[in-house]
Amino acid sequence: KLSAIRNQLGFGTVAEGDALVSTREIPTGQRLMVWPAKGGPSGFCQCVVTERDDGAIKAVPLLREDDGFLGSLETGDRIKVRFWRHDDTEYRFRTRIVETDQTTTSIVIEHSTNLERIQKRDFFRVEVKFPIRFYLLNEAEMREPPEPAGNARSGTVIDLSAGGLGLMTSEEIPPEHLILIDPDFEGQFP
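Just so we're clear, the structure is a prediction, and the values are computed from it rather than from any experiment.

Visitor: So what's going on with the sheet that holds strand β8 (residues 126–137)? Residues and values would help.
Guide: Backbone hydrogen bonds are what pair the strands of a sheet, in a parallel or an antiparallel way. Strand order in the open sheet formed by four strands is β10-β9-β8-β11, with antiparallel pairing between adjacent strands. At either margin of the open sheet sits one strand with a lone partner, and together these are β10 (164–168) and β11 (178–181). Sheet twist, expressed as the mean angle between neighbouring strand axes with direction ignored, is 50°. Sheet analysis places β8 next to β11, joined by four bridges and oriented antiparallel. Within β11, the position partnered with L137 by the bridge is L178.

And the structure:
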């Protein structure tokens, strides 16, 4: 009863971009990669979560050829599970199979008390420290950026990834402005 109330109020749903803290928050439709913890078939099976409640997670194989993989697993078998959530990267946990259903080739797995977030970002961040010059662009300049002029600012890049960089500056960045990194930048990370 309590579980139904929590779900109706949306407590089992996590906003996109927010980290999951429990396997009880894994949404229906999430793809899982399932491995036997020891022994059993080699490799992994891609599954899709078809149901989830406070008691367990029900999953079926994504591909028909993986029916045999799940069919060889039995109640009580320990498994390892990994999954990627959109814009939130990779999670993993270990659990056990509560029930198998040969007719639907589904497994029911126990919730884990230890959901581990492997990587916090889509791209690895590298800690760095180097000076950089940048320019602020206002709303009008965003449509057609001007040639950088006398509005140069300076700061220090503190981390870097394929998706962007972290910048520290003592100067205020007004809201609704974009930062244009100096196009003439020459350094270790061009």
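After presenting the structure, the write-up continues.
Visitor: Kindly report on the pairing of β10, identifying the contributing residues and their values.
Guide: Residues in a regular strand point their side chains to alternate faces of the sheet. Both strand β9 (residues 152–161) and β10 contribute to a ladder of five bridges, which runs antiparallel. Counterpart to V157 in the pairing with β10 is L167. The turn linking β9 back onto β10 is made up of two residues.

Visitor: Account for the pattern of salt bridges, naming residues and giving values.
Guide: The full count for this structure, using the stated rule, is seven salt bridges. With a shortest N-O distance of 2.4 Å, E90 and R82 are connected by a salt bridge. A relative accessible area of 10% means that E90 is categorised as buried. For R82, a relative accessible area of 26% puts it in the partly exposed group. Of the charged contacts, one joins E110 and R96 as a salt bridge, the two residues approaching to 3.1 Å between their closest N and O atoms. With E110 in strand β6 (residues 106–110) and R96 in strand β5 (residues 89–101), this residue pair connects regions lying 14 residues apart in the sequence. E110 gets classed as partly exposed once you look at its relative accessible area, which sits at 28%. For R96, a relative accessible area of 29% gives the class partly exposed.

Quick notes on the rules
- Residues numbered from 1 in each chain as written.
- Predicted model: local features only at pLDDT ≥ 70, side-chain atom pairs only at ≥ 80, totals over all residues.
- Heavy atoms only, no water.
- Pairing = 2+ DSSP bridges.
- Helix = DSSP H or I, 4+ residues; strand = E, 2+ residues; numbered from the N terminus.
- Axes fitted to C-alpha atoms, helices over the stretch in contact; angles between N-to-C directions.
- Salt bridge = Lys/Arg side-chain N within 4 Å of Asp/Glu carboxyl O.
- Buried < 20%, exposed > 50% of the residue type's maximum accessible area, 1.4 Å probe, protein only.

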